[in-house]
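Letter by letter, the chains look like this.
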Amino acid sequence: AGRDINVLPKIAEILSKEKERVFIYHLPGNSHFPYDKRDGAESNFQCPDDFNEELCDFSRVHDVYFSHLYNFLKDQNNLKVIIVGDHAPPFRKKVN
C-alpha cells in the first residue's frame, strides 16, 4: 500500500488539469488501526505521559499527514476543504 502523503501530489495534478469545479473525496488509508508506524517516523510529536503506545502512534501518523496536507493546501487557490471524522479515538488511558 502507498503512503497517504503520496496521494496529495496526485490530487494537485488533477486540480491543475480541471478547468471547472471538481469534487475529490480523499480518505486516508492509514487513519485506522493497524497504523504503519513508518508514516509517523518524521513526526516531532511528544506524547504526553497519559498516552498509551497506540495513541502515540496515532498522533504521530496524523501529525505527519496534516503537516503535508497543510503544505499542500497553502499552495492551492480557490479551494474548499472539509475535514470530517467518523468517531473519536477510543484508546486514551484513563487518568485517575
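Residues numbered from 1 in each chain as written. Predicted model: local features only at pLDDT ≥ 70, side-chain atom pairs only at ≥ 80, totals over all residues. Heavy atoms only, no water.

A look at the overall build of the chain
At step 1: Of the regular secondary structure elements, the chain holds 2 helices and 0 strands.
At step 2: Residues counted as buried form 27% of the 96 residues belonging to the chain.
At step 3: Counting contacts in the chain only where the partners sit at least 6 residues apart, residues at least 24 apart contribute 58% of the total.
At step 4: A total of about 7800 Å² of accessible surface is found on the chain, and carbon and sulfur atoms cover 52% of it. (Helix = DSSP H or I, 4+ residues; strand = E, 2+ residues; numbered from the N terminus. Buried < 20%, exposed > 50% of the residue type's maximum accessible area, 1.4 Å probe, protein only. Contact = heavy atoms within 4.5 Å. Areas by Shrake-Rupley, 256 points an atom, 1.4 Å probe, with all protein chains shown as cover.)

A short note on the pattern of salt bridges
At step 1: Taken as a whole and judged by the stated rule, the model has 3 salt bridges.
At step 2: Here lysine 17 makes a salt bridge to glutamate 13, at a shortest N to O gap of 3.0 Å. Remark: glutamate 13 and lysine 17 occur in helix α1 (residues 7-17); sequence separation between them is 4 residues, near one turn of the helix.
At step 3: With relative accessibility at 56%, the residue lysine 17 sits in the exposed group.
At step 4: Residue classification places glutamate 13 among the partly exposed residues on the basis of a relative accessible area of 43%. (Salt bridge = Lys/Arg side-chain N within 4 Å of Asp/Glu carboxyl O.)

Let's talk about the packing of α1 against helix α2 (residues 53-73)
At step 1: α2 packs onto α1 with a crossing angle of 25° between their chain directions and a minimal axis gap of 10 Å. The angle between the axes of α1 and α2 places the two elements in the roughly parallel class. Handedness of the crossing formed by α1 with α2: right-handed. Contacts between α1 and α2 involve Leu8, Ile11, Ala12 and Leu15 on the former and, on the latter, Tyr65, His68, Leu69 and Phe72. (Axes fitted to C-alpha atoms, helices over the stretch in contact; angles between N-to-C directions. Parallel < 35°, antiparallel > 145°, perpendicular 65-115°, else oblique. Left-handed = near helix turned anticlockwise from the far one by under 90°.)

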